Amino acid sequence: MKIYGSSLPHIPWQERPQGCGSPVWRYTENPIIPADALADSNSIFNSAVVPFRDGFAGVFRCDDTQRNMDIHVGFSSDGIHWDIRPETVPLTRRDAELPPCDYRYDPRVCWVEDRYIVTWCGGYHGPTIGMACTTDFETFVQMENAFLPFNRNGVMFPRKIHGRYAMLSRPSDNGHTPFGDIFYSESPDLELWGRHRHVMTTAGGWQATKVGAGPVPIETSEGWLLFYHGVLNSCNGFVYSFGAALLDREQPWKVLYRTKPYLLSPKAEYERTGDVPNVVFPCAALCDADTGRIAIYYGCADTVTGIAFCHAEEVVWFTKEHSF
Ligand code: BMA
């Protein structure tokens, strides 16, 4: 199997623990980012990291002690220990008519061609997909919102597909959305989005209520490897797990395979206990194309941030073997 990506020998990594039969395993030092890493943070979770210069940069969801939801930049040399800036991500607005943002949460970061594109769920008469681009994680130039409200989980593809930018998203409602399918949209210019295609709906069990794209998809010779979250509505509320799908490389709205079982579900104490119990919510994955090692960053119980590990080839094999 070939992975189309960069050599990243320095990503966080731990071998699979002895006796672990699962294709995905947790970092033993989880959580890597505590809820109170900032002086006024209530929780730091659902966050996105990318390789940057000699180390890593990230955009972190930090809810503060007033319970405002916003995003902050962070830097790290090892991908594990993070220096998160106390100020929120400043947006440079080149056009006064650009839509303001009441709140920002659940960021994703994607390198496309010559810049990082940050997408997030932003408040503009309800949640929708806000966007900005940066090259240095200091200046962020705001772009137009990709979609109308209500939408969440906007996740860019790392290259143009047939000459157009591509994004996954999850049309939703103004509340805790009891439904949700993943859609694909294209854009010639990162501003006008169209040619919307349905990608995937819910399935049974852990993905019965809604599904949403997680990290930026990883391109492999077997298809785009997409980690996605799925939600089960239990008698004690929503339970967020994640699984994987393989999407066709040239027509990514076509699902080749998707996991019937989850890959990771809330089991650890820090995933089961927190502001919203029973949530694992992946927003980023670092993949070393040479070895296939993947470090997945995920929010735990809407409170802290953890890392899980897997091998790309094993997850692809597992996804094919355990598909619908
Ligand atoms: C979703 C989003 C996520 C959150 C999850 C669980 O709708 O708001 O940010 O992690 O619910 O509360």
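Before going into details, it helps to say that this report is about the structure given with it. Treat the numbers as computed from the prediction; the structure is a model and nothing was measured. Residue numbers run consecutively from 1 along every chain, following the written order of its sequence. Only residues with pLDDT of at least 70 get local features here, since the model is predicted, and only at 80 or more are side-chain atom pairs given and counted; chain-wide, interface and lining totals rely on the full set of residues. Side-chain measures here rest on the full set of heavy atoms in the structure, leaving out hydrogens and waters.

### Overview of the sheet that holds strand β23 (residues 304–311)
Where we set the bar: Strand pairing is assigned whenever DSSP identifies at least 2 bridges connecting the two strands. Strands here are runs of E lasting at least two residues and helices are runs of H or I lasting at least four, both read from the DSSP assignment and numbered beginning at the N terminus. Any two residues whose heavy atoms approach within 4.5 Å are treated as being in contact. Inter-axis angles, ranging from 0 to 180 degrees, are taken between N-to-C directions of lines fitted to C-alpha atoms, where helices are fitted over the stretch in contact.
If you walk across this open sheet you meet the 4 strands as β2-β23-β22-β21, and the pairing is antiparallel. One side of each edge strand has no neighbouring strand; the edge strands of this open sheet are β2 (25–26) and β21 (280–287). With 2 bridges connecting them, β2 and β23 associate as antiparallel partners. Within β23, the residue paired with Arg26 across the bridge is Ala308. The sheet strands contacting helix α2 (residues 312–321) are β22 (293–300) and β23, and the helix crosses β23 at an angle near 80 degrees.

### A few points about the site of the ligand
Under the convention used in this document: Any residue with a heavy atom lying within 4 Å of a molecule or strand is counted as near it. Under the rule applied, a polar contact is a pair of N or O atoms within 3.5 Å (in protein, one hydrogen donor and one hydrogen acceptor; residues adjacent in sequence only if both atoms are side-chain atoms). Areas reported as accessible are Shrake-Rupley estimates using a 1.4 Å probe. Residue values count occlusion only from the protein chains shown. Amino acids are sorted into nonpolar (Ala, Val, Leu, Ile, Met, Phe, Trp, Tyr, Cys and Pro), charged (Asp, Glu, Lys and Arg) and polar (every other residue, Gly among them).
The immediate surroundings of the ligand are formed by Asn46, Arg61, Tyr105, Asp106, Tyr240, Val276, Val279, Phe281 and Asp302. Asn46 is positioned such that a nitrogen or oxygen atom in its side chain is 2.9 Å from an oxygen atom of the ligand. The protein chains hide 83% of the 310 Å² of surface that the ligand would expose on its own. In the shell around the ligand, the residues fall into 5 nonpolar, 1 polar and 3 charged.

### Digging into the pairing of strand β12 (residues 151–156)
Under the convention used in this document: Burial here depends on accessible area, computed with a 1.4 Å probe over protein chains only, as a share of the maximum for the residue type. Under 20% is buried, over 50% is exposed, and the range in between is partly exposed.
Counting buried positions over the 6 residues of β12 gives 6, a clear majority of the element. The pairing of β12 with strand β13 (residues 165–171) spans 4 bridges and is antiparallel. Each residue of the ladder has a partner; that of Met156, found in β13, is Met167.

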